[in-house]
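What follows is the residue order along each chain.
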Amino acid sequence: MEKSLQSKSSDKFKIIDQLTYEKIQQNSSTANTRANVSIRNAKYKRKSGISFNLLNLRKPSSVAKKKSHLKLKRVIDTAIKNGLKHRGKQRENGRKKKKSRLKKRILRYRESEEKQGQRTNDFEDVLQQLTTLIISPKQSEITPKKSIHSSRFCDYCDNCTTTQLVQLTDQLLRELNHFQRRAYAIHELKAKAHRRLVIGFREVQSFLRIKKIKLVLIATDCDPFAGQAGLNQSIASIKAMCKDQQIPVAFALQRRQMAYALYKKALIGCVGIINYDGSQALFSQLLAALKEAQNAYQWLVQQTNKGTKEIKEYQ
């Protein structure tokens, strides 16, 4: 009995050294940390003391964002860029449009006129000096009226350019161009088959032969020149065809104004209107304004003729 009691008492009382005690504590702390790291339960994390830093909640500045964005961008060297192959054709100044025969003749005529102008300038100065010496004071008092026509209003025009006529033609061109563009956006093939208007002297002449044009608009400041297949001949042929078919011809806008109304970069000399559905009221107003402008032009011509006759009788 005594032996058994001694063994039980020896189990209870255990003497530990200080070094061994410190080692046990270190082992227990490392075990606890490993256990905390290995736990992946969200509930346990909520219960346990979570450490957080206020600096993490701070929003990043715009400069930092820009820097991060720049880092992500792919930087290509200029030498590599030049070495890369491009798909399709690439032209520096764009595709050059071929000049028509009529355009080539106009350019030649302009060059010849410039050369002649340089020669005649000196001759005109001498003539003016001579006329000032010869003309009597009575004749110098009477000066003949200037002609109606000028570089902006050429000889082929048959009507005055009134403000009402200019406004109506501009409005009609804009509306019809809007309708045509809308039709092209919906269905291109149908829009080509049913055009609203046609641009250019050649196109207008071809559609006049088919008898499809309802109104012709010609610019007032075209560069006319004589000769075979010249601009004078083409304008005269268009006017003759319109007279045979009883189609009105209006001279209201200049080339630049017509191009601006139709959203074109190049100058436009002639426009033929084929279909004016949707703007009938404008078309009828334009015709009425055109008749008034034609009457005003005839009256001006009569007045100028009277003035020239009076000057001749006086001389």
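Residues numbered from 1 in each chain as written. Predicted model: local features only at pLDDT ≥ 70, side-chain atom pairs only at ≥ 80, totals over all residues. Heavy atoms only, no water.

Going by the annotation in an unreviewed UniProt entry, the name recorded for the protein is Ribosomal protein eL8/eL30/eS12/Gadd45 domain-containing protein, with Glossina pallidipes given as the source organism.

*Asks:* Run through the overall build of the protein, naming residues and quoting values.
*Replies:* From N to C terminus, the protein includes 13 helices and 4 strands. For the protein, the residues scored as buried account for 22% of the 315 residues in total. Counted over contacts in the protein with a minimum sequence separation of 6, partners at least 24 positions apart contribute 80%. (Helix = DSSP H or I, 4+ residues; strand = E, 2+ residues; numbered from the N terminus. Buried < 20%, exposed > 50% of the residue type's maximum accessible area, 1.4 Å probe, protein only. Contact = heavy atoms within 4.5 Å.)

*Asks:* Tell me about the packing of helix α10 (residues 201-210) against helix α11 (residues 231-245), and name the residues and values.
*Replies:* At a minimum axis separation of 11 Å, α10 and α11 run at an interaxial angle of 30°. On the basis of their axis angle, the class for α10 and α11 is roughly parallel. As for the relative orientation of α10 and α11, their crossing is left-handed in sense. Between α10 and α11, the contacting residues are F201, V204, Q205, L208 and R209 on the first element and L231, S234, I235, S237, I238, M241, C242 and Q245 on the second. Residue composition of the contact of α10 with α11, by class: 8 nonpolar, 4 polar and 1 charged. (Axes fitted to C-alpha atoms, helices over the stretch in contact; angles between N-to-C directions. Parallel < 35°, antiparallel > 145°, perpendicular 65-115°, else oblique. Left-handed = near helix turned anticlockwise from the far one by under 90°. Nonpolar A, V, L, I, M, F, W, Y, C, P; charged D, E, K, R; others polar.)

*Asks:* Let's hear about the nonpolar core: which residues, and what values?
*Replies:* Of all hydrophobic cores here, the largest spans 53 residues; its most connected members are Y156, L208, V216, L217, I218, I238 and V271. Tallying contributions element by element places helix α13 (residues 280-314) first for this core, with 7 residues. Residues contacting V216, with those up to four places away along its chain left out, are V204, I238, C242, I247, P248, V249, A250, C270 and V271. (Core = buried A, V, L, I, M, F, W, Y, C linked by side-chain atoms within 4.5 Å.)

*Asks:* I'd like a rundown of the confidence of the model for the protein, residues and numbers included.
*Replies:* Per-residue confidence for the protein averages 75 on the pLDDT scale, and 61% of its residues sit at or above 70. Counting interchain partners and residues more than four positions distant, the pLDDT-below-50 stretch residues 69-73 has 0 contacts. Note that residues 135-145 has pLDDT below 50 and, in this model, 8 contacts with residues that lie over four places away or in other chains. (pLDDT = per-residue confidence, 0-100.)

*Asks:* Explain the state of the cysteines to me, using residue names and the numbers behind them.
*Replies:* By the definition in use, this model includes 0 disulfides. Of the cysteine sulfurs around C157, a residue in no disulfide, the closest is that of C154, at 6.1 Å. (Disulfide = S-S within 2.5 Å.)

*Asks:* Kindly report on the environment of K264, identifying the contributing residues and their values.
*Replies:* Note on placement: K264 falls in the loop between α12 (255-261) and β4 (270-273). With residues near it in sequence (within four places) discarded, K264 still touches I199 and A259.

*Asks:* Let's hear about the environment of D155: which residues, and what values?
*Replies:* For D155, the location among the structural elements is in the loop between α7 (137-141) and α8 (163-186). Sequence spacing of D155 and T220 is 65 residues, and the spatial spacing of their C-alpha atoms is 9.0 Å.

*Asks:* Run through the pattern of salt bridges, naming residues and quoting values.
*Replies:* Scanning all chains against the criterion turns up 6 salt bridges. One salt bridge connects D170 with R174, and the closest N-O pair in it is separated by 3.2 Å. Remark: R174 and D170 occur in helix α8; sequence separation between them is 4 residues, near one turn of the helix. R255 serves as the salt-bridge partner of D221, at 3.7 Å between the closest nitrogen and oxygen. Of this pair, D221 sits in the loop between β2 (215-218) and α11 while R255 is found in helix α12, placing the two residues 34 residues apart along the sequence. In the salt-bridge network here, residues are joined through shared partners; they are D221, D223 and R255. (Salt bridge = Lys/Arg side-chain N within 4 Å of Asp/Glu carboxyl O.)

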